[in-house]
Amino acid sequence: MKSETMLALYRSMLRIRRVQERIESLYLQDAMKTPVHLCIGQEAIAAGICLALEPDDSIQSNHRGHGHYLAKGGDLKAMIAELHCKATGCSGGFGGSMHLVDVAAGHLGSSSIVGGGIPIGTGIGLAMRMRRTSQVSVVFFGDGAADEGVLYESLNFAMLKRLSVIFVLEDNRWAVCSPRDSRQTGDNVFLRGADPDRLFTARLDGNDAEIVHETARAAVARGRSGAGPSLLVCDTYRIMGHAGCKAQEPSGYRDACEIDAWSDKCPVALYRAKLASRGILDEPTEAAMEATIAAEITEAFDFAAQSPLPHDGDLHKHLFSE
Ligand SMILES: Cc1ncc(C[n+]2csc(CCOP(=O)(O)OP(=O)(O)O)c2C)c(N)n1
């Protein structure tokens with residue numbers, strides 16, 4: 001892997017982490033008028049997958065979608081404005097944190113309906129096929145969404161038509177406060193009817209950005225060649241609570257040792273150490289990266305604070321095609 005690619009992976013993860021941290025630190029001021037679901041701990045998946053995509057490839061995301069939006073090239077100012085429900089937000093202030101969209105960046109939307117993006121991303125893959133393009137459609141979803149029957153219908157259809165869809169399961173082991181074992185027998189989603197000839201499957205360390213990126217590149221190449229879909233199951237963990245910020249997380253349903261063990265596998269810290277040991281990331285480079293990201297985040301929060309709220313008269317806009 002080229003050193004620019006490694007630095008791009010690191011920058012993308014670091015930027016997602018710093019944005020999440022700023023949201024976390026300011027959330028309880030109540031200026032952000034939307035529930036938030038932070039993806040701290042899961043940055044390597046968004047960064048690794050999206051760096052393998054072109055701007056006109058598309059992604060579908062879920063409620064925990066800030067990382068996907070940013071990694072795919074979504075506009076940070078518009079995202080932060082959306083969290084403040086301002087008219088300048090990427091969904092006009094009507095969507096909030098769970099409904100981000102940036103069509104220009106190929107982010108065709110996130111949804112609060114668990115599993116909701118799976119059939120949409122599959123349909124986008126069908127549209128790409130019908131238009132005879134070599135684009136790829138990626139769907140990000142959690143292990144809770146993998147409990148929904150629609151995943152298996154969508155996988156089946158994508159296999160049948162050999163669609164260029166990459167299903168990315170971010171297996172963080174928890175659905176709100178239900179552990180995976182209480183919802184699924186075994187831990188092998190591939191056993192549920194997948195055809196190995198038609199579906200490339202991989203279970204990988206979702207906290208290792210390079211592994212995620214290399215695997216995504218293989219899945220993208222397969223999709224572009226017309227060979228069909230892929231299912232990438234990325235093992236990871238959400239370090240923060242399910243929703244809101246620290247103070248709002250009910251404690252007790254997760255073992256503190258489990259959280260500590262996964263915190264030690266922080267994808268950002270591990271990759272920083274790896275790049276430093278390879279001599280690719282030195283202190284001045286990292287300091288410059290941090291400064292640029294910090295300035296960008298401050299600018300985005302200022303932009304959101306100064307932006308107007310949507311007009312009352314627009315309340316029913318965007319409900320129907322005009
Ligand atoms: C169809 C549907 N069912 C239930 C919910 C309530 N709900 C919101 S998030 C969530 C858990 C999702 O877990 P997972 O897909 O693993 O994603 P994670 O939150 O762990 O990232 C649930 C059940 C919902 N939003 N939509």
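Let me begin by describing the structure that accompanies this report. (Residues numbered from 1 in each chain as written. Predicted model: local features only at pLDDT ≥ 70, side-chain atom pairs only at ≥ 80, totals over all residues. Heavy atoms only, no water.)

## Here's the deal with the state of the cysteines
Inference 1: The tally for this structure, following the rule as stated, stands at zero disulfides.
Inference 2: Cys50 takes part in no disulfide bond, and the closest cysteine sulfur to it belongs to Cys39, at a distance of 11 Å.
Inference 3: You can call Cys50 buried: its relative accessible area is 5%.
Inference 4: There is no disulfide at Cys234, and the cysteine sulfur nearest it, in Cys50, is 11 Å away.
Inference 5: Here Cys234 falls in the buried class, since its relative accessible area comes to 0%. (Disulfide = S-S within 2.5 Å. Buried < 20%, exposed > 50% of the residue type's maximum accessible area, 1.4 Å probe, protein only.)

## Examining the pairing of strand S1 (residues 58–61)
Inference 1: The alternating pattern of S1 places Ser58 and Gln60 and Ile59 and Ser61 on opposite faces, both of which are buried.
Inference 2: Pairing analysis gives three bridges linking S1 to strand S3 (residues 137–142), with the strands arranged parallel. Each residue of the ladder has a partner; that of Ile59, found in S3, is Val138. (Helix = DSSP H or I, 4+ residues; strand = E, 2+ residues; numbered from the N terminus. Pairing = 2+ DSSP bridges.)

## Focus on the packing of helix H5 (residues 117–130) against helix H6 (residues 149–160)
Inference 1: Between H5 and H6, whose axes approach to 9 Å, the crossing angle comes to 15°. Here H5 is positioned roughly parallel relative to H6, judged by the angle of their axes. Viewed along their axes, H5 and H6 form a crossing whose handedness is left-handed. Residue-level contacts link Ile118, Pro119, Thr122 and Leu126 of H5 to Val150, Leu151, Ser154, Phe157 and Ala158 of H6.
Inference 2: In terms of residue class, the contact of H5 with H6 is built from seven nonpolar, two polar and no charged. (Axes fitted to C-alpha atoms, helices over the stretch in contact; angles between N-to-C directions. Parallel < 35°, antiparallel > 145°, perpendicular 65-115°, else oblique. Left-handed = near helix turned anticlockwise from the far one by under 90°. Contact = heavy atoms within 4.5 Å. Nonpolar A, V, L, I, M, F, W, Y, C, P; charged D, E, K, R; others polar.)

## Focus: the site of the ligand
Inference 1: Taken together, 15 residues are adjacent to the ligand, and His63, Arg64, Ser112, Gly144 and Asn172 come closest.
Inference 2: Within the side chain of Asn172, an N or O atom sits 2.9 Å from an oxygen atom of the ligand.
Inference 3: Between the ligand and Trp174, the relevant distance is 2.9 Å, taken from an oxygen atom to a main-chain nitrogen or oxygen of the residue.
Inference 4: Coverage of the ligand by the protein chains reaches 70% of its 580 Å² of free accessible surface. (Near = heavy atom within 4 Å. Polar contact = N/O pair within 3.5 Å; in protein donor to acceptor, adjacent residues only side chain to side chain. Areas by Shrake-Rupley, 256 points an atom, 1.4 Å probe, with all protein chains shown as cover.)

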